[in-house]
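Coordinate analysis (summary)
Residues per chain, in single letters:
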Amino acid sequence: MEKQCAWCLCFMNRCGEPISPPQPKHYNVSHGMCRVCGALWLEHALSNADEQATTTKKDHLVPFSKVLKLND
């Protein structure tokens, strides 16, 4: 079965390596993500996760006195 990257629209081999230039989207093939797009997505996702973890930790520091007032 042929596979086309859903992001860059290149056809890919069984190892996920792009083997063609971008093509118009084919609907009668399997779609996934080639290795190049997968590596880019993973890099982006991990950098965003680090930023969100740092922000979340800072945003969720609530003084105990405020917690008690919320429960009253």
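Definitions and limits used
Residues numbered from 1 in each chain as written. Predicted model: local features only at pLDDT ≥ 70, side-chain atom pairs only at ≥ 80, totals over all residues. Heavy atoms only, no water. Helix = DSSP H or I, 4+ residues; strand = E, 2+ residues; numbered from the N terminus. Buried < 20%, exposed > 50% of the residue type's maximum accessible area, 1.4 Å probe, protein only. Contact = heavy atoms within 4.5 Å. Areas by Shrake-Rupley, 256 points an atom, 1.4 Å probe, with all protein chains shown as cover. Pairing = 2+ DSSP bridges. Disulfide = S-S within 2.5 Å.

Turning to the overall build of the protein chain, a few remarks are in order. Along its length, the protein chain carries two helices and three strands. Helices (α) and strands (β) of the protein chain occur, in sequence order from the N terminus, as β-β-β-α-α. Counting only residues that meet the buried cut, the protein chain has 14% of its 72 residues in that class. At a minimum sequence separation of 6, the contacts of the protein chain that also span at least 24 residues come to 30%. Summed over all atoms, the accessible surface of the protein chain reaches about 6000 Å², with 60% contributed by carbon and sulfur.

Let's shift gears to the side chain of Ser 20. Tracing the backbone shows Ser 20 in the loop between β2 (11-12) and β3 (30-32). Those residues within four positions of Ser 20 in sequence are excluded, and the remaining contacts are Cys 10 and Phe 11.

Here we take up the sheet that holds strand β1 (residues 3-5). One open sheet accounts for three strands, arranged β2-β1-β3; its pairing is mixed. Looking along the sheet, the strands with just one partner apiece sit at the ends: β2 and β3.

Structurally, the position occupied by Cys 8 is in the loop between β1 and β2. Apart from residues no more than four positions distant in its own chain, Cys 8 is found in contact with Pro 22, Cys 34 and Cys 37.

Even without being a glycine, Leu 9 presents a positive backbone phi close to 65 degrees. Topologically, Leu 9 is positioned in the loop between β1 and β2. You can call Leu 9 partly exposed: its relative accessible area is 24%.

The full count for this structure, using the stated rule, is zero disulfides. In this model Cys 34 remains outside any disulfide bridge; the closest cysteine sulfur is found in Cys 37, 3.7 Å from its own. On the basis of relative accessible area, Cys 37 is assigned to the buried category, the value being 9%.

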